[in-house]
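Breakdown of the fold
Spelled out, the chains give:
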Amino acid sequence: MGLFSNKNNQFIAAQDLKIVQDCVRIINSTKKPNIFFERYELMEQKLNNLVKLHGVHYSGTSPRNMLKQVRQKEQAAIYDMVDRYFADISFKAAGLKTEKAKQNTYNTFLSTLELYYSQMNPDNINYIKQLYENSIKKVGK
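Structural notes, computed from the coordinates. The structure presented is a predicted model; accordingly, all values stated were derived computationally and were not measured. (Residues numbered from 1 in each chain as written. Predicted model: local features only at pLDDT ≥ 70, side-chain atom pairs only at ≥ 80, totals over all residues. Heavy atoms only, no water.)

1. With respect to the packing of helix α4 (residues 74–94) against helix α5 (residues 99–114)
Which entries qualify depends on this criterion: Fitting a line to C-alpha atoms yields each axis, with helices limited to the stretch in contact; the angle taken between N-to-C directions then spans 0 to 180 degrees. Secondary structure elements follow DSSP: runs of H or I no shorter than four residues count as helices, runs of E no shorter than two count as strands, and numbering proceeds from the N terminus. Any angle between 65 and 115 degrees counts as roughly perpendicular, while under 35 counts as roughly parallel, over 145 as roughly antiparallel, and the rest as oblique. In this scheme the crossing of two helices becomes right-handed for a clockwise turn of the near helix relative to the far one and left-handed for an anticlockwise turn of less than a right angle. Note on definitions: a residue-residue contact is assigned when non-hydrogen atoms from the two residues lie within 4.5 Å.
Relative to each other, α4 and α5 sit at 160°, their axes nearing to 9 Å. What the angle tells us is that α4 and α5 run roughly antiparallel. By crossing handedness, the relation of α4 to α5 is classed as right-handed. On α5, the residues touching Met81, Val82, Tyr85, Phe86, Ile89, Ser90 and Ala93 of α4 are Lys102, Thr105, Tyr106, Thr108, Phe109, Thr112 and Leu113.

Shown next, in the form of structure tokens:
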């Protein structure tokens, strides 16, 4: 039974590592806050699972250290996603004809990110507010 358990754990570990790698790719490229935060949470869950698995040997960084890095870099990753999202929103707003439509685009930017403020540090929240306020001022000119 122990041998079966180790083989099963190896299989689970391989699947979870694959999911973590997919999450990293998506987290580093998505412009959509909901996708970003869902994948970040999934990545942390899978890394937690990997930390708890017994009888599995990893090459490279251990799941425990990966999890530690993920937690340390979370706010920087959020900042990067905000930049990508803002660039996308700004591009869309630039193509709109009316001030109202542009303002609505930036309002959506802010209201979408406000849903995730509980997962952000004050620096990221202030950065979002600054981007929003500067954009609204430009629309009015």
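2. With respect to the layout of surface pockets
Quick reminder of the rule: A cavity here means a set of 1 Å grid points, computed over protein atoms only, where a 1.4 Å probe fits but cannot escape. A pocket is an open set with protein on both sides within 12 Å along at least 5 of 7 lines, and lining residues have an atom within 4 Å of a point. Grid points are joined across faces, edges and corners, and a volume is the space filled by probe spheres set on the points. Residue polarity follows a fixed list, in which Ala, Val, Leu, Ile, Met, Phe, Trp, Tyr, Cys and Pro are nonpolar, Asp, Glu, Lys and Arg are charged, and the others, Gly among them, are polar.
Taken as a whole, the largest pocket spans an internal volume of roughly 280 Å³. If you trace the largest pocket, you find 14 residues lining it, with Val24, Tyr40, Met43, Val70 and Lys73 closest to the centre. Its residues assigned to classes, the lining of the largest pocket comprises 10 nonpolar, two polar and two charged.

3. Thoughts on helix α6 (residues 122–139)
Heads up, the rule is: Expected span of a helix: the number of residues minus one, times 1.5 Å. Categorising residues by exposure relies on relative accessible area from a 1.4 Å probe, with only protein chains included: less than 20% of the type maximum marks a residue as buried, more than 50% marks it as exposed, and the intermediate range marks it as partly exposed. Note: the arc covers the axis-to-C-beta directions of the helix.
Between its terminal C-alpha atoms α6 stretches 26 Å, which fits the 26 Å expected from 18 residues at 1.5 Å a residue. Burial in α6 covers these residues: Asn124, Ile125, Tyr127, Ile128, Leu131, Tyr132, Ser135 and Val139. Buried residues of α6, viewed axially, fall in a sector of 160°; they line one side. Those residues of α6 that are exposed and aimed more than 90 degrees away from the buried face are Pro122, Asp123 and Lys137.

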